[in-house]
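Below are the chains, spelled out letter by letter.
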Amino acid sequence: LKDIVGYLGLDLVAGVGFVLEVYIKAYGVLGDYVREGRYTFKEGVTVREVVETLVPLEVRRRFSIVVFVNDEPAPESRVVYNGDRVVLLPPSSGG
């Protein structure tokens, strides 16, 4: 089992279960709250859970956040996997 877990790039943490590493990048005003880098989450984490973990509630209430995973738009229910790249975008305005 340890060999399989290592092959998948997951770690087994006592009391938590399997954990994975995700790269996060936030643009615009969201970058003021979320630092770019690698974050560790429990296996099976969803886009919604990632956003709720990283972005303060008052910011989530003020802005609708668009999320991309691996360069594709991602619904809140999408499961994030080890090695995924998650991008958080604030609403944009144009003119």
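Note: the structure precedes this text.
Residues numbered from 1 in each chain as written. Predicted model: local features only at pLDDT ≥ 70, side-chain atom pairs only at ≥ 80, totals over all residues. Heavy atoms only, no water.

K.L.:
I would appreciate a short explanation of the nonpolar core in the present structure.
P.N.:
Side chains of nonpolar character tend, in soluble globular proteins, to be buried together. Among the nonpolar cores identified, the biggest contains 20 residues, and Ile24, Val55, Val86 and Leu88 are the most heavily contacted of them. Of all elements in the fold, only β2 (17-26), α2 (47-54), β4 (66-69) and β6 (85-89) reach the threshold of two or more residues within this core. In contact with Leu88, other than residues within four places in its own chain, are Ile24, Lys25, Ala26, Tyr27, Leu30, Val34, Val51, Val55, Ile65, Val66 and Val67. (Core = buried A, V, L, I, M, F, W, Y, C linked by side-chain atoms within 4.5 Å. Buried < 20%, exposed > 50% of the residue type's maximum accessible area, 1.4 Å probe, protein only. Helix = DSSP H or I, 4+ residues; strand = E, 2+ residues; numbered from the N terminus. Contact = heavy atoms within 4.5 Å.)

K.L.:
In this structure, what is going on with α2? I would like to understand it.
P.N.:
Residues separated by three or four positions in an α-helix point in the same direction, a consequence of the helix having 3.6 residues per turn. Every buried residue belonging to α2 is among Val47, Val50, Val51 and Leu54, and all of these are buried. For α2, the angular spread of buried residues about the axis comes to 95 degrees, placing them on one side. (Arc of directions from axis to C-beta.)

K.L.:
Whenever I open this one, the pattern of salt bridges confuses me. Can you help?
P.N.:
Opposite charge on two side chains allows them to pair when their charged atoms are near. One pass over the structure, following the stated rule, counts six salt bridges. In this structure, Arg38 engages Glu21 in a salt bridge whose closest nitrogen and oxygen atoms are separated by 3.8 Å. Placement of Arg38 in strand β3 (residues 37-42) and of Glu21 in strand β2 is noted, with a sequence separation of 17 residues between them. Judged by its relative accessible area of 39%, Glu21 is partly exposed. We note a salt bridge from Arg78 to Asp84, for which the minimum N-O separation is 3.2 Å. Under the relative-accessibility criterion, Arg78 is labelled partly exposed at 26%. Residue Asp84 is classed as buried on the basis of its relative accessible area, which comes to 7%. Overlapping salt bridges, with partners in common, bring together Arg48, Glu52 and Glu76 in one network. (Salt bridge = Lys/Arg side-chain N within 4 Å of Asp/Glu carboxyl O.)

K.L.:
Is there a simple way to explain the packing of aromatic side chains in this structure?
P.N.:
One pass over the full model with this rule turns up zero aromatic pairs. Above the face of the Tyr27 ring, Lys25 is positioned so that its terminal group lies 5.0 Å from the ring centre. (Phe/Tyr/Trp six-rings, centres within 6.5 Å; stacked < 30°, edge-to-face > 60°. Lys NZ or Arg CZ within 6 Å of the ring centre and 35° of its normal.)

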